[in-house]
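# Understanding the architecture of this molecule
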Amino acid sequence: MAKRPDHFIVAIDGPAGSGKSTVSKLIAKKLGLLYIDTGAMYRALTLKAVRQGLNLEDSDRLADLARSTRVDLVNAAGTLKVLLDGEDVSGLIRTPELTNDVKFVARVGGVRSEMVKQQRAIGIRANAVLEGRDIGTVVFPDARYKFYLDADVAERARRRHKELVESNRQADLAAVKSDVEKRDESDMKRSLGALKKADDAVFIDTTDLSIDEVVEKILSYIK
Ligand code: DC
């Protein structure tokens, strides 16, 4: 599909807890862009695999599943709805168990190539903000704007812990920090689509910045 000359992508990558989801949503809202949470796509696919009782070590079955699954992201009234084959699974894909299982699915080459294909197809429909791990490096290496958000692991764990407490989930800060570290490791060491700053991405350390400050910083590059 030919790209319109005025079409552009904002790529926002970074590890869990770097603030990229909240920031990406706000940037999309402020600029009237489509918001694409690519992590939600991997999460929804993982939910389907778990429900079907698939062996998460079976790469071929997981890749087949990716090719026969439809995940739609619907931006509705300021929130993102995630539809798995038409079913709203927005809440179900955020549990700690599911979060832990995603890494088995996200490391499979056949899954990633299908997801990347779908993400490109959605991204070229409209000017869009895509957030994930490999947007600036793999999905849209020619994105007009690229950002890589990061923060100290202790601060990222604190943010994640706060989110869990606020959603009435049991959470121990030390355990949350250890989970975040494990996720970093699996995201960075995966052989395909690993979490990595693109050479031409703007690096933003969000440790001591408020959400608004991060948003302002990003907007200062886009305007
Ligand atoms: O951003 P998130 O925490 O919702 O991502 C969920 C998982 O999906 C995480 O383990 C990393 C993986 N992921 C990925 O491999 N590639 C992406 N583009 C986005 C997420």
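Scroll up to find the structure.
Per chain, residue numbering runs from 1 following the sequence as it is written. Where local features are concerned, this predicted model is filtered to residues with pLDDT of at least 70; where side-chain atom pairs are given and counted, the filter is 80 or more; whole-chain, interface and lining totals use all residues. As a convention, hydrogens and water are excluded, and side-chain values are obtained from all of the structure's heavy atoms.

## Examining the nonpolar core
Grouped together as the largest cluster of nonpolar side chains are 57 residues, with contacts concentrated most on Val 10, Val 82, Val 111, Phe 147 and Ile 218. For this core, the leading source of residues is helix H2 (residues 38-51), giving 7 residues. In this structure Ile 218 touches Ile 12, Val 23, Ile 27, Phe 147, Leu 149 and Ile 204, once residues within four positions along its chain are discounted. Joining through side-chain atoms within 4.5 Å is the link that ties buried Ala, Val, Leu, Ile, Met, Phe, Trp, Tyr and Cys residues into a set, and such a set is a nonpolar core. Only protein chains enter the calculation, and the probe is 1.4 Å; a residue is then buried if its accessible area is under 20% of its type maximum, exposed if over 50%, and partly exposed in between. Put simply, DSSP H or I for four residues or longer makes a helix, DSSP E for two residues or longer makes a strand, and each gets a number counted from the N terminus. Contacts are residue-level and defined by heavy atoms, with any inter-residue pair within 4.5 Å sufficient.

## Section: the site of the ligand
If even one non-hydrogen atom of a residue comes within 4 Å of a molecule or strand, that residue is called near it. Near the ligand there are 15 residues, and of these Arg 43, Arg 112, Arg 133, Asp 134 and Arg 183 occur at the shortest range. Any pair of nitrogen or oxygen atoms within 3.5 Å is treated as a polar contact; in protein, a donor-acceptor pairing is required on top of that, and neighbouring residues in sequence qualify only through side-chain atoms on both sides. Arg 112 places a side-chain nitrogen or oxygen 2.8 Å from an oxygen atom of the ligand. In this structure, an oxygen atom belonging to the ligand sits 2.8 Å away from a side-chain N or O atom of Arg 183. All accessible-area figures derive from a Shrake-Rupley calculation using a 1.4 Å probe, and residue coverage is judged against the displayed protein chains alone. For the ligand, whose free accessible area comes to 450 Å², the fraction covered by protein is 96%.

## Some details on the side chain of Glu 114
Here Glu 114 lies in helix H5 (residues 109-123). Setting aside its immediate chain neighbours within four residues, Glu 114 contacts Ala 66 and Arg 67.

## Describing the pattern of salt bridges
Salt bridges are defined by distance alone: a side-chain nitrogen of Lys or Arg within 4 Å of a carboxyl oxygen of Asp or Glu. Scanning the entire structure with this criterion turns up 20 salt bridges. In this structure, Asp 150 and Arg 156 form a salt bridge, with 3.7 Å as the shortest nitrogen-oxygen distance. Just as Asp 150 is buried, Arg 156 falls in that class too. With a shortest N-O distance of 3.0 Å, Arg 158 and Glu 155 are connected by a salt bridge.

## Focus: the sheet that holds strand S4 (residues 79-84)
Here, a strand pair is defined by DSSP locating no fewer than two bridges between the strands. In spatial order, the strands read S3-S4-S5; together these 3 strands make up an open sheet with antiparallel pairing. The open sheet is flanked by strand S3 (71-76) and strand S5 (87-88), the only strands paired with a single partner. Bridge count for S4 against S5 is 2 bridges, and the pairing is antiparallel. Bridge pairing in S5 links Leu 84 to Glu 87. Where helices are involved, their axes are fitted lines through C-alpha atoms of the stretch in contact, as for all axes, and angles between N-to-C directions lie from 0 to 180°. Against the sheet, H2 contacts S3, S4 and S5, and its axis sits at roughly 35 degrees relative to S4.

## Focus on the packing of aromatic side chains
Planes of paired rings set the category: under 30 degrees apart is stacked, over 60 is edge-to-face and the rest tilted, where pairs are Phe, Tyr or Trp rings (Trp by its six-membered ring) whose centres lie within 6.5 Å. Applying the stated criterion to the full structure yields 3 aromatic pairs. Between Tyr 148 and Phe 203, the aromatic rings sit 6.1 Å apart at their centres with planes inclined by 15 degrees, giving stacked as the arrangement. With Tyr 148 in strand S7 (residues 145-150) and Phe 203 in strand S8 (residues 202-205), this residue pair connects regions lying 55 residues apart in the sequence. You can call Tyr 148 buried: its relative accessible area is 6%.

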